Amino acid sequence: MIVCVSVVGHQNNPLYIQSFTDADDALKLHHVVHCSLDVIEERVNNPKTTLNEAFLGLLYPTLNYKVYGYLTNTKVKFILVTTDLDVRDTDVRNFFRKFHAAYVDAVSNPFHVPGKKITSRTFAQTVSNIVGSYGLN
């Protein structure tokens, strides 16, 4: 089950975060997303490895969650938090492709200010539909 999706800007500023759980878990999920930024920075700035693709894979597992990451060409980070323990990478890759397409549509809006939070209701609905289409929510 997908419990949270997030878009984080290239300066690690949160652009969008949506949780699909109770309000009590929202703060915990914000913390999980924030902690995942350190793992992404380690992978991106590691001189021993080169990133050939946008999908970063499993960033780290916790006791209750698995956190996946995706990095765009503009250094915008997408983070997915799930409670499923047996998620296939192909499903996560497809989710991130659809999520990236929805993000591009949202920021292509002429009224969107780059670097500011995404407040589009259409984007929020599209994200909810994507999450629902995977049957993981």
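Preceding this paragraph is the structure being described.
Residues numbered from 1 in each chain as written. Predicted model: local features only at pLDDT ≥ 70, side-chain atom pairs only at ≥ 80, totals over all residues. Heavy atoms only, no water.

**Student:** Break down the overall build of the chain for me, citing the residues and quoting the values.
**Tutor:** Regarding its fold elements, the chain presents three helices and five strands. Overall, the chain shows an N-to-C arrangement of helices and strands of β-β-α-β-β-β-α-α. Computed over the C-alpha atoms, the radius of gyration of the chain is 14 Å, within 12% of the 14 Å expected from 2.2 N^0.38 for a compact globule of 137 residues. With the principal axes as the frame, the chain shows a C-alpha extent of 40 × 35 × 25 Å. For the chain, with 137 residues in total, the buried portion stands at 39%. Carbon together with sulfur atoms contributes 52% to the accessible area of the chain, which is approximately 8000 Å² in total. (Helix = DSSP H or I, 4+ residues; strand = E, 2+ residues; numbered from the N terminus. Rg over C-alpha atoms; globule rule 2.2 N^0.38 Å. Buried < 20%, exposed > 50% of the residue type's maximum accessible area, 1.4 Å probe, protein only. Areas by Shrake-Rupley, 256 points an atom, 1.4 Å probe, with all protein chains shown as cover.)

**Student:** Give me the nonpolar core: which residues, what numbers.
**Tutor:** Counting 25 residues, the largest nonpolar core has Val 5, Val 7, Phe 95, Phe 96 and Phe 123 as the members making the most contacts within it. When contributions to this core are tallied by element, the ones reaching two or more residues are strand E1 (2–8), strand E2 (14–19), strand E4 (66–71), strand E5 (77–82), helix H2 (89–107) and helix H3 (121–133). Counting residues per element, this core draws most heavily on H2, which supplies seven residues. Beyond its immediate chain neighbours, meaning those up to four positions away, Val 5 contacts Tyr 16, Ile 17, Gln 18, Phe 20, Ile 79, Leu 80, Phe 95, Phe 99, Val 127 and Val 131. Val 39, Tyr 65, Leu 71 and Val 81 belong to the second-largest nonpolar core, a separate cluster that totals 17 residues. (Core = buried A, V, L, I, M, F, W, Y, C linked by side-chain atoms within 4.5 Å. Contact = heavy atoms within 4.5 Å.)

**Student:** Pulling in residues and values, what's your account of the state of the cysteines?
**Tutor:** Using the criterion set out here, one finds zero disulfides in the structure. Free cysteine: Cys 4, not disulfide-bonded; nearest cysteine sulfur from Cys 35 at 13 Å. (Disulfide = S-S within 2.5 Å.)

**Student:** Run through the pattern of salt bridges, naming residues and quoting values.
**Tutor:** A complete count under the given rule lists two salt bridges for this structure. A salt bridge links Glu 41 to Lys 77, with the shortest nitrogen-to-oxygen separation between them at 4.0 Å. Remark: Lys 77 occurs in strand E5 and Glu 41 occurs in helix H1 (residues 23–45); sequence separation between them is 36 residues. The class of Lys 77 is buried, set by a relative accessible area of 2%. Note that Arg 88 is salt-bridged to Asp 91, the shortest N-O span being 3.2 Å. Overall, the relative accessible area of 26% leaves Asp 91 in the partly exposed class. (Salt bridge = Lys/Arg side-chain N within 4 Å of Asp/Glu carboxyl O.)

**Student:** Can you explain the pairing of E4? Please cite residues and give values.
**Tutor:** A large share of E4 lies buried, amounting to six of its six residues. Here E4 shows two buried faces, one formed by Lys 66, Tyr 68 and Tyr 70 and the other by Val 67, Gly 69 and Leu 71. Of the pairings in the sheet, the one linking strand E3 (residues 55–61) to E4 comprises five bridges and is antiparallel in character. Residue Pro 61 lies in a different strand from E4, and its bridge partner there is Lys 66. From the end of E3 to the start of E4, which pair antiparallel, there are four residues. Taken together, the six bridges between E4 and E5 define a ladder with antiparallel strand orientation. Looking at the pairing, Tyr 68 lines up with Leu 80 of E5. (Pairing = 2+ DSSP bridges.)

**Student:** Break down the packing of aromatic side chains for me, with residues and values.
**Tutor:** Aromatic ring pairs: the centre-centre distance and the angle between the two ring planes describe each pair. Inspection of the entire model under this criterion finds nine aromatic pairs. Here Tyr 70 and Phe 78 contribute two aromatic rings whose centre-to-centre distance is 5.5 Å and whose plane-to-plane angle is 5°, an arrangement assigned as stacked. Geometrically, the ring pair formed by Phe 95 and Phe 96 is edge-to-face, given 5.8 Å between the ring centres and 65° between the ring planes. Here Phe 95 falls in the buried class, since its relative accessible area comes to 2%. Using a relative accessible area of 0% as the deciding quantity, one classes Phe 96 as buried. Each residue in the set Tyr 16, Phe 55, Tyr 70, Phe 78, Phe 95, Phe 96, Phe 99, Tyr 103 and Phe 123 is aromatic and connected to the rest through ring pairs, giving one cluster. (Phe/Tyr/Trp six-rings, centres within 6.5 Å; stacked < 30°, edge-to-face > 60°.)

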